[in-house]
Protein chains: 4
Amino acid sequence: MGFAFTNLLELEDLARAKVPRPSFDYIAGGAEDEVSLRRNREAFTKWALRPRVLVDVSRRDTSTSVLGQRVSMPILVAPTAFHGLVHPEGEVATARGAAAAGTVMVVSAIATKAVAGPRWFQLYVWRDREVTAQLVKRAARAGYGAICLTVDTPLLGRREKDERNAFTLPPGLSIANVRPAGLDGVPASERGSAFAKYVAELLDPAVTWKDIAWLRSLTSLPIVLKGIMTAEDATLAVEHDVDGIIVSNHGGRQLDSTVGTLDALPDIVAAVQGRVEVFMDGGVRRGTDVLKALALGAKAVLIGRSALWGLALGGADGVRRVLEHLRGELELAMALTGRAALAQVDRSLVQRV
Amino acid sequence: MGFAFTNLLELEDLARAKVPRPSFDYIAGGAEDEVSLRRNREAFTKWALRPRVLVDVSRRDTSTSVLGQRVSMPILVAPTAFHGLVHPEGEVATARGAAAAGTVMVVSAIATKAVAGPRWFQLYVWRDREVTAQLVKRAARAGYGAICLTVDTPLLGRREKDERNAFTLPPGLSIANVRPAGLDGVPASERGSAFAKYVAELLDPAVTWKDIAWLRSLTSLPIVLKGIMTAEDATLAVEHDVDGIIVSNHGGRQLDSTVGTLDALPDIVAAVQGRVEVFMDGGVRRGTDVLKALALGAKAVLIGRSALWGLALGGADGVRRVLEHLRGELELAMALTGRAALAQVDRSLVQRV
Amino acid sequence: MGFAFTNLLELEDLARAKVPRPSFDYIAGGAEDEVSLRRNREAFTKWALRPRVLVDVSRRDTSTSVLGQRVSMPILVAPTAFHGLVHPEGEVATARGAAAAGTVMVVSAIATKAVAGPRWFQLYVWRDREVTAQLVKRAARAGYGAICLTVDTPLLGRREKDERNAFTLPPGLSIANVRPAGLDGVPASERGSAFAKYVAELLDPAVTWKDIAWLRSLTSLPIVLKGIMTAEDATLAVEHDVDGIIVSNHGGRQLDSTVGTLDALPDIVAAVQGRVEVFMDGGVRRGTDVLKALALGAKAVLIGRSALWGLALGGADGVRRVLEHLRGELELAMALTGRAALAQVDRSLVQRV
Amino acid sequence: MGFAFTNLLELEDLARAKVPRPSFDYIAGGAEDEVSLRRNREAFTKWALRPRVLVDVSRRDTSTSVLGQRVSMPILVAPTAFHGLVHPEGEVATARGAAAAGTVMVVSAIATKAVAGPRWFQLYVWRDREVTAQLVKRAARAGYGAICLTVDTPLLGRREKDERNAFTLPPGLSIANVRPAGLDGVPASERGSAFAKYVAELLDPAVTWKDIAWLRSLTSLPIVLKGIMTAEDATLAVEHDVDGIIVSNHGGRQLDSTVGTLDALPDIVAAVQGRVEVFMDGGVRRGTDVLKALALGAKAVLIGRSALWGLALGGADGVRRVLEHLRGELELAMALTGRAALAQVDRSLVQRV
């Protein structure tokens with residue numbers, strides 16, 4: 001069975017004991033004072049569930065579809081960098097765990113391994129646009145189900161633990177996707193985060209709405225924008241014909257002092273008016289968290305750190321167990337709120353406290 | 001005199017020293033992060049009392065009636081399972097204590113002993129409906145004053161301490177009421193709560209509003225629904241001709257992340273418009289708590305854990321002392337707010353803070 | 001100089017080291033969970049000061065009048081019982097300190113000593129109304145400036161520390177005012193507060209608004225009601241022709257779970273519409289506290305525990321120093337908010353935070 | 001490189017280890033309960049940033065102008081007294097650091113040294129108006145860019161640590177600007193703050209709006225009022241033809257219990273309607289803080305304690321590094337909110353939380 005856990009909140013402490021400190025800090029940490037990071041969790045405490053009773057919940061169905069793809073639960077694996085930091089099999093194992101749980105993994109552009117399975121491709125835009133275009137085209141050929149463009153990272157947020165650790169990739173790890181272009185190495189740093197320097201030097205801080213058309217010209221895959229936090233940008237996204245939006249503050253790792261993502265969700269859902277699918281990530285640890293996000297209009301949520309802790313603690317099976325545990329909590333929360341299927345989850349399920 | 005206490009809040013610590021840890025955890029714990037559990041207490045801090053002065057309070061009367069039955073105080077004993085966990089006489093002693101204090105005990109369907117005295121019968125619905133029907137009929141024959149159907153437990157909430165303790169009934173204890181049907185045993189569990197498995201396997205997760213008519217066909221006793229948390233369900237309850245409602249989140253043991261029950265009460269009282277009696281439980285520890293619930297429209301409150309701690313610490317007399325202490329605090333709070341009788345308690349007595 | 005202190009908040013700790021524990025507990029403690037006690041302090045943190053600048057504050061005048069009597073500051077000494085608990089000279093020293101500071105002491109009916117100086121007489125109503133009437137008449141003859149009837153104590157609040165300490169008066173102390181009637185002794189208690197029993201047995205829980213006329217028939221002194229917490233009772237007070245109101249929750253010692261007195265003040269001031277003088281006590285420790293109360297409509301405030309700590313630490317001079325320190329803080333706060341005189345203090349000086 | 005730091009919040013602890021305690025306390029402390037001091041920081045947590053995405057932020061410009069003067073960043077050095085307390089070069093080093101960072105230092109009237117560089121002159125009004133007039137005229141001759149009159153200090157706030165420390169200037173330090181008038185010494189105190197006595201005796205508590213005309217008659221330099229906390233006074237300031245306002249509560253060192261300055265800013269900006277430049281200080285520690293103040297209408301912010309800690313830890317270069325670090329954080333925050341230039345910063349960038 002491997003590691004024992006009762007809920008996802010316990011995983012961080014379990015992982016801390018196993019993962020080398022700089023890698024743990026890189027994954028667990030947030031930007032600056034970690035206000036955005038904490039608010040992601042706190043936002044869930046500001047919405048209470050309104051349980052309905054005397055509903056037949058003898059059969060409970062957590063399955064749904066995301067961008068037309070059937071999944072066993074409204075929970076995807078969020079794109080996170082460098083899975084090789086916590087497990088030798090890296091992203092390969094994560095993908096296997098997600099597939100075993102019947103859901104989609106969003107694979108980071110800066111993964112340490114190439115992977116198979118049901119998956120979307122997260123995209124950063126390198127200053128070298130040709131390299132970027134090749135990534136998109138290769139993803140389509142490799143069977144990825146969507147391109148998920150991260151829009152909140154023109155520069156890397158100041159993650160102060162990484163600054164102090166002079167965080168870089170350990171020997172043997174590199175960014176597999178851009179190896180052909182020779183951009184896969186993250187050179188060590190004497191002072192400050194080496195990865196922050198990589199981003200500042202090689203990624204493009206001048207990506208704008210015009211580039212959505214460019215991206216569209218490269219692929220017929222659905223395009224999802226990750227990192228939208230305002231109704232204004234959600235409206236622009238719809239106008240630029242994207243297929244989905246992920247409400248996200250990058251796990252509290254980019255701009256500090258935003259609201260929690262759950263608190264950003266309702267305005268965005270209202271602005272989008274159902275024209276594209278809206279997802280969210282940030283602080284999801286409980287089945288009741290998932291239910292709240294769905295009640296406020298999310299089609300599904302994504303989990304980042306929890307999946308990584310599962311990977312660190314148990315490889316592919318650890319990832320699967322984390323996902324299935326969360327699915328189980330969601331199923332129980334559905335039963336206890338009188339919802340047998342996700343279609344019955346609506347705004348009346350939550351109230352502000 | 002037995003154990004010494006100054007208020008009911010002290011009882012939990014006193015009991016912790018006496019009750020075996022798995023039993024203590026089972027009683028004291030709540031579901032998941034225990035948010036609902038904490039909010040039950042916190043809700044009382046969000047309402048302040050507005051004392052009136054220069055009223056003759058030389059005589060103070062805490063008596064009232066519940067479903068037509070006269071009681072010495074607007075405080076009943078809530079249905080809780082397995083009193084045998086804390087005292088060898090189990091529910092028999094609790095019932096004797098409640099009777100001595102002049103009030104009603106609601107006896108759990110999953111009691112460890114059969115009891116006498118002024119009492120209501122709490123009902124779970126077994127998948128075996130015939131077993132369930134027999135329970136109801138037997139309760140009527142045995143002189144119970146009401147059937148109190150718990151509606152918030154299609155599955156058992158995840159009480160994580162019980163999961164870790166692999167909680168089950170100790171040797172010698174079983175569910176007396178369903179012994180004739182051979183359903184009284186809770187088999188031990190290798191991993192996880194044995195009781196959660198019992199509920200999942202043997203209780204019926206498909207009970208719906210239609211079953212209220214079925215229940216009505218079995219008995220002429222008043223029917224009370226326990227576990228209503230929304231105005232919508234309160235309205236449905238009235239429409240289905242029940243006689244009472246208990247606003248309850250099962251002591252924070254079922255769905256986590258609800259509001260505190262006192263905060264759910266006003267909307268429900270408004271929806272019910274006096275057509276049925278409304279009760280509440282959850283976090284009541286002080287006479288001022290009782291007064292606040294009454295001011296917000298409750299006919300009476302129920303106490304669960306406090307009664308069990310009284311039982312653990314002093315048997316029947318412990319239960320009586322706990323109830324009488326709380327009645328005394330209520331009487332003092334009435335005097336200090338200028339209310340000589342419960343009929344003078346109204347909404348003007350409280351304000352939101 | 002005696003004891004050193006920088007502000008009144010330090011006094012409680014200084015006094016704790018000097019006063020016997022049961023006496024300290026009696027003075028410092030509040031009822032039940034001490035929610036009312038804490039809220040008195042917290043209420044001050046919910047109002048912020050709005051400083052005005054470029055006003056000539058080279059001369060600052062803190063003097064005012066209360067019920068027609070000139071005082072050096074809008075700060076009186078609140079009636080508190082049993083000053084003999086903390087200093088052998090008891091109320092005599094307190095009165096001397098208040099006089100030296102140029103302000104009024106409200107002397108408790110249950111003082112341990114008879115006193116001189118500018119003072120009002122706080123009245124409890126004994127069941128023996130003749131004893132009570134004599135107290136009132138004697139006060140008038142002795143030159144007291146007002147009768148201050150406490151209306152929030154039909155029974156004594158449960159002060160749990162006193163319950164545990166079985167609090168009673170130490171040998172040699174008694175209630176001087178009712179010695180002629182033989183009611184001055186507080187018999188020791190085996191269990192619970194002896195003083196609470198004294199109140200329950202000898203004071204009258206049936207005092208009503210009708211008794212204001214009775215009290216008026218006994219004396220031509222101004223009558224002040226102490227313990228009003230609602231606009232409704234303030235209106236009744238005006239209608240019953242009293243001369244003043246003290247907004248008070250008895251220092252958090254009677255009903256627990258009221259709002260803080262500063263939060264009760266605005267509604268009462270609005271109801272009274274200037275027809276009688278409104279005072280307040282509860283939690284005043286800072287010059288800025290005094291200023292806030294005045295901005296919200298109080299004519300003056302009263303301090304209780306702080307004066308007792310001054311008495312405990314330095315006798316009459318300790319009381320004087322406490323009062324003068326607080327007056328100094330008030331004067332500085334006036335300067336820093338651009339108010340040279342109390343007449344310039346109005347509602348625009350505060351804002352809710 | 002000298003001292004290492006990751007953010008400005010770390011500086012206080014670093015400085016505490018280096019600066020003599022009475023000097024550290026004088027700088028770090030606030031008035032009375034330090035409520036105003038804490039609220040300055042807390043106010044920033046009550047506003048969240050609303051990041052916009054897909055904006056070209058490849059070039060980011062933090063430069064702006066203040067009173068017509070070009071600066072590299074919207075961050076000035078606030079006037080603070082006695083830099084000689086933490087570094088032998090005192091204000092001379094601070095000015096050099098500010099100049100190296102490309103911004104303005106506001107030099108205190110009670111500086112310990114005369115300085116050069118881009119700077120404004122902070123003015124207190126001595127009772128000896130001739131001395132004061134000479135200060136103003138000398139500032140104009142010496143090339144100061146503005147006169148910044150502090151209006152919140154008719155008396156010194158009670159900084160209780162200074163009271164306990166009997167704070168005074170150490171041997172060798174004095175108030176350079178008033179040496180010609182023989183007012184430069186701060187005599188030691190037996191009890192209480194010597195500096196508070198200096199202010200009470202020598203500074204003028206009777207400065208009023210009429211004196212603005214007097215000040216205008218002395219100089220053609222722009223006049224800025226520092227210490228405005230209300231819309232009423234901001235309106236008066238505009239009517240008295242000043243050129244700028246600094247929203248400030250004197251770093252929480254004067255009146256305790258005001259709101260945080262960021263919370264006072266919006267009303268003042270609304271009242272001023274762009275007629276004069278509005279600045280703010282108080283609790284600025286992060287680039288995101290600066291951005292919030294600008295979004296709410298400030299033209300620039302000022303930092304006080306952080307600059308002093310930089311001076312204490314690294315002299316002129318320490319001051320420069322502190323300023324440049326904060327400018328860097330601001331630049332990153334601009335990038336992550338989709339603002340390439342300060343002109344794009346507006347009210348839509350923030351929301352209340």
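Every value quoted in this text rests on a predicted model; they were computed, and no experiment measured them.

Caption draft 1: Looking closely at the overall build of chain A. Across its full length, chain A holds twelve helices and twelve strands. Here the C-alpha atoms of chain A give a radius of gyration of 19 Å, agreeing with the 20 Å that 2.2 N^0.38 yields for 353 residues. The C-alpha extent of chain A, read off along each of the three principal axes, is 60 × 45 × 40 Å. In chain A, which comprises 353 residues, the share counted as buried stands at 66%. Of the contacts made within chain A by residues no fewer than 6 positions apart, 72% connect residues no fewer than 24 positions apart.

Caption draft 2: Expanded view of the relation of the copies chain D and chain A. With an RMSD of 0.0 Å, the fit of chain D onto chain A corresponds to turning through 90° and sliding 0.0 Å along the axis. Look at the turn and shift together and you get a four-fold axis relating the two. Residue D:Val353 of chain D places its C-alpha closer to the rotation axis than any other residue of that unit, at 9.7 Å.

Caption draft 3: Geometry of helix 10 (residues 261-272) of chain D. Residue and element names in this part refer to chain D. The terminal C-alpha atoms of helix 10, which comprises twelve residues, lie 16 Å apart, in line with the 16 Å expected from a rise of 1.5 Å per residue. Every buried residue belonging to helix 10 is among Thr261, Leu262, Ala264, Leu265, Ile268, Ala271 and Val272, and all of these are buried. Seen along its axis, helix 10 keeps its buried residues to an arc of 155°; they face one direction. Of the exposed residues in helix 10, those oriented more than 90 degrees away from the buried face are Asp267 and Ala270. Just beyond helix 10, the residue with positive phi is Gln273, at close to 50°.

Caption draft 4: Examining the pattern of salt bridges more closely. Using the criterion set out here, one finds 103 salt bridges over all chains in the structure. For A:Arg164, the salt bridge goes to D:Glu10, with nearest N and O atoms at 2.7 Å. Highlighted residues: A:Arg164 in helix 6 (residues 160-165) and D:Glu10 in the segment before helix 1 (11-16), drawn from two different chains. For D:Glu10, a relative accessible area of 22% puts it in the partly exposed group.

Caption draft 5: Looking closely at the interface of chain A and chain B. At the interface, 31 residues of chain A touch 35 residues of chain B. At the boundary of chain A with chain B, total buried surface from both sides reaches about 2,700 Å², with 58% on carbon and sulfur atoms. Counting the surface chain A buries against chain B, the share from its top three residues, A:Val53, A:Leu54 and A:Leu336, is 27%. Joining chain A to chain B, the criterion identifies six salt bridges. Of the charged contacts, one joins A:Arg52 and B:Asp233 as a salt bridge, the two residues approaching to 2.9 Å between their closest N and O atoms. Where chain A packs against chain B, one counts 15 residue pairs in polar contact (both at pLDDT 80 or more). Elements represented by at least two residues in the side of chain A that touches chain B include exactly strand 1 (47-49), helix 11 (287-295) and helix 12 (305-336) of chain A. The element contributing the most residues to the side of chain A that touches chain B is helix 12 of chain A, with six residues.

So, how was this worked out
Residues numbered from 1 in each chain as written. Chains lettered and ligands numbered in written order. Predicted model: local features only at pLDDT ≥ 70, side-chain atom pairs only at ≥ 80, totals over all residues. Heavy atoms only, no water. Helix = DSSP H or I, 4+ residues; strand = E, 2+ residues; numbered from the N terminus. Rg over C-alpha atoms; globule rule 2.2 N^0.38 Å. Buried < 20%, exposed > 50% of the residue type's maximum accessible area, 1.4 Å probe, protein only. Contact = heavy atoms within 4.5 Å. Least-squares fit on C-alpha atoms with pLDDT ≥ 70 in both. Expected span 1.5 Å × (residues − 1). Arc of directions from axis to C-beta. Salt bridge = Lys/Arg side-chain N within 4 Å of Asp/Glu carboxyl O. Buried area = accessible area lost by both parts, 1.4 Å probe. Polar contact = N/O pair within 3.5 Å; in protein donor to acceptor, adjacent residues only side chain to side chain.

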